[in-house]
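Inside the fold
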Amino acid sequence: RPKVSGSELLCQLKYKVEVATLTPDLEPFSSLPWAYQLPLQPITSDLGPYKSCAVVSSAGSLRYSGLGKEIDSHDAVLRFNAAPTVGYEKDVGSKTTIRLLNSQVMASDDHRFLSSSLYSTGVLVAWDPSPFSADLSQWYNKTDYPIFTQYQRYRRLHPLQPFYILHPSFEWQLWQRIQDNMAEPIQKNPPSSGLLGTVLMMSLCEVVHVYEFLPSQRKTELCHYYQRFYDAACTLGAYHPLLYEKNLVKRMNQGLDRDIYTHGRVTLPGFSTLNC
Ligand code: NCC
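Residues numbered from 1 in each chain as written. Predicted model: local features only at pLDDT ≥ 70, side-chain atom pairs only at ≥ 80, totals over all residues. Heavy atoms only, no water.

To continue, consider the pattern of salt bridges. Under the criterion given, the structure shown has six salt bridges. Across the salt bridge formed by Glu-212 and Arg-218, the nearest N and O atoms sit 2.7 Å from each other. One continuous salt-bridge network, built from bridges that share partners, spans Glu-70, Asp-259 and Arg-265. (Salt bridge = Lys/Arg side-chain N within 4 Å of Asp/Glu carboxyl O.)

Turning our attention to unusual backbone geometry. The residue after Glu-27, namely Pro-28, is reached through a cis peptide bond having omega 0 degrees. Along the chain, Gly-48 connects to Pro-49 via a cis peptide bond; the corresponding omega equals -5 degrees. Looking at where Pro-49 falls in the secondary structure, it is placed in the loop between α2 (43–46) and β1 (50–56). A positive phi angle, close to 65 degrees, is found at Tyr-64, a residue other than glycine. Inspection of the secondary structure puts Tyr-64 in the loop between β1 and α3 (68–72). Accessibility expressed as a relative area gives 68% for Tyr-64, which makes it exposed. Although it is not a glycine, Arg-112 adopts a positive phi angle of roughly 45 degrees. Relative to the elements of secondary structure, Arg-112 occurs in the loop between α5 (103–107) and β4 (123–127). (Helix = DSSP H or I, 4+ residues; strand = E, 2+ residues; numbered from the N terminus. Buried < 20%, exposed > 50% of the residue type's maximum accessible area, 1.4 Å probe, protein only.)

So, about empty space enclosed by the protein. Tallied over the full model, the rule gives one cavity of 30 Å³ or more. In this structure, the largest cavity occupies an estimated 50 Å³ of space. Ala-59, Gly-60, Ser-61, Glu-212, Phe-213, Pro-215, Lys-219, Thr-220, Leu-222, Thr-235 and Lys-246 together form the lining of the largest cavity. By residue class, the composition of the lining of the largest cavity is four nonpolar, four polar and three charged. (1 Å grid on protein atoms, 1.4 Å probe; cavity = no way out; pocket = protein on both sides within 12 Å on 5 of 7 lines; lining within 4 Å. Points joined across faces, edges and corners; volume = space filled by probe spheres on them. Nonpolar A, V, L, I, M, F, W, Y, C, P; charged D, E, K, R; others polar.)

With that settled, the discussion passes to the environment of Val-125. Mapped onto the secondary structure, Val-125 falls in strand β4. Exposure remark for Val-125: the relative accessible area of 0% places this residue in the buried category. Each C-alpha atom of the pair Val-125 and Thr-21 lies 8.8 Å from the other, and the pair is 104 residues apart in sequence. Those residues in contact with Val-125 that lie beyond four places of it in its chain are Ile-43, Ile-98, Arg-99, Leu-100, Leu-101, Phe-163, Tyr-164, Leu-166 and Leu-200. (Contact = heavy atoms within 4.5 Å.)

Structurally, Asn-253 is set in the loop between α11 (242–252) and α12 (257–263). Asn-253 sits in the buried class, given a relative accessible area of 13%. Here Thr-267 takes part through its backbone nitrogen, which lies 2.9 Å from a polar atom of the side chain of Asn-253. If we skip the residues at most four places from it in the chain, Asn-253 touches Ile-260, Val-266, Thr-267 and Leu-268. (Polar contact = N/O pair within 3.5 Å; in protein donor to acceptor, adjacent residues only side chain to side chain.)

Take the site of the ligand next. Around the ligand, a shell composed of 20 residues is seen, among which Asn-81, Asn-102, Gln-104, Ser-193 and His-224 lie nearest. Contacts to the ligand include Ser-58, whose backbone N or O atom sits 3.4 Å from an oxygen atom. Protein contacts shield 78% of the accessible area of the ligand, which totals 740 Å² for the unbound molecule. Here the ligand is seated within the largest pocket. Put simply, the parts of the chain that give the shell around the ligand at least two residues each are α5, α9 (193–204), α10 (233–236) and α11. Looking at the shell around the ligand, its residues break down into seven nonpolar, 12 polar and one charged. (Near = heavy atom within 4 Å. Areas by Shrake-Rupley, 256 points an atom, 1.4 Å probe, with all protein chains shown as cover. Sits in = over half its atoms within 2 Å of the grid points.)

Once that is clear, we can look at the state of the cysteines. Inspection of every chain in the model, using the stated rule, returns three disulfides. At a sulfur-sulfur separation of 2.0 Å, the disulfide partner of Cys-53 is Cys-205. For the disulfide bridge between Cys-53 and Cys-205, the dihedral angle about the S-S bond is near -90 degrees, and by the sign convention the bridge is left-handed. Taken together, the positions of Cys-53 in strand β1 and Cys-205 in strand β6 (residues 205–211) put the pair 152 residues apart, joining distant regions of the chain. Just as Cys-53 is buried, Cys-205 falls in that class too. Bridging Cys-223 to Cys-234, the disulfide has an S-S length of 2.1 Å. Its S-S torsion of about -90 degrees marks the bond between Cys-223 and Cys-234 as left-handed, since a negative value means left-handed. On the criterion of sequence distance, the pair formed by Cys-223 in the loop between β6 and α10 and Cys-234 in helix α10 is long-range, its members being 11 residues apart. By relative accessible area, Cys-223 is classed as buried at 5%. (Disulfide = S-S within 2.5 Å.)

Below, the structure is given as structure tokens:
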């Protein structure tokens with residue numbers, strides 16, 4: 001298979017991956033009593049367009065980066081899971097426009113999802129690894145973690161905070177883009193929150209800067225900037241096809257290699273700016 005160029009990869013993402021979220025009209029939700037809790041419109045109709053956006057990975061290499069001011073200068077900032085800003089403002093900034101959560105965070109006791117103030121700023125977007133090629137009903141009856149019960153509880157406690165759930169077809173369409181552009185078979189697990197969030201922002205923003213997804217000179221085995229826990233698998237991947245995701249993002253980068261080295265910064269164009 002011939003290796004396609006970065007601009008061809010960008011066009012594939014734009015046209016073959018639909019950034020979709022669950023709406024109350026979709027089966028099986030339309031016949032469930034709590035369907036009214038889902039946003040009426042998909043996230044791409046409600047948010048943006050933003051001029052510039054920052055995606056802040058949770059990588060340990062953000063520690064001592066001093067990137068906080070640069071990150072906060074964007075019109076919208078996306079963060080992941082339980083990644084905090086308080087106490088780390090100098091390195092990661094303090095603005096949170098969107099927080100992308102996996103269902104594990106919503107369900108595990110240590111994250112105090114229903115009670116912690118960490119989750120109360122910005123727009124929430126959740127996802128759960130659905131089985132490959134399963135329809136919505138099959139997934140609904142067999143989620144990895146109890147995403148839907150936690151969603152309903154959270155919505156009752158915070159009815160005014162916008163809260164979306166990613167459509168699993170988005171996960172697998174993105175997975176397919178990775179697989180079709182790699183020479184070897186990759187594991188059949190959905191992409192990490194990092195790539196899901198990056199593509200989400202490419203659909204909402206004119207330009208997207210991703211920080212420390214491709215590690216800078218600060219590359220470290222420290223898993224997260226906010227935890228004293230070391231594991232190289234956080235940066236290289238285990239469950240998620242993370243190394244392949246990074247390969248794809250490296251090929252699509254429109255910034256300088258030097259910016260990756262010094263700032264851990266990748267520059268990606270928003271889909272609306274592409275001429276495919
Ligand atoms: O670690 P996690 O990811 O929350 O990180 C968010 C995204 O940042 C990128 N990352 C992170 C650390 C690192 N050293 N390098 C990186 O590039 C990745 O793109 C990552 O997606 C997830 O994707 O949702 C993940 O969530 C954690 C965990 O569930 C949450 O942090 C809550 O504790 C997963 N860890 C475990 O299951 C143990 C992780 O595999 C994926």
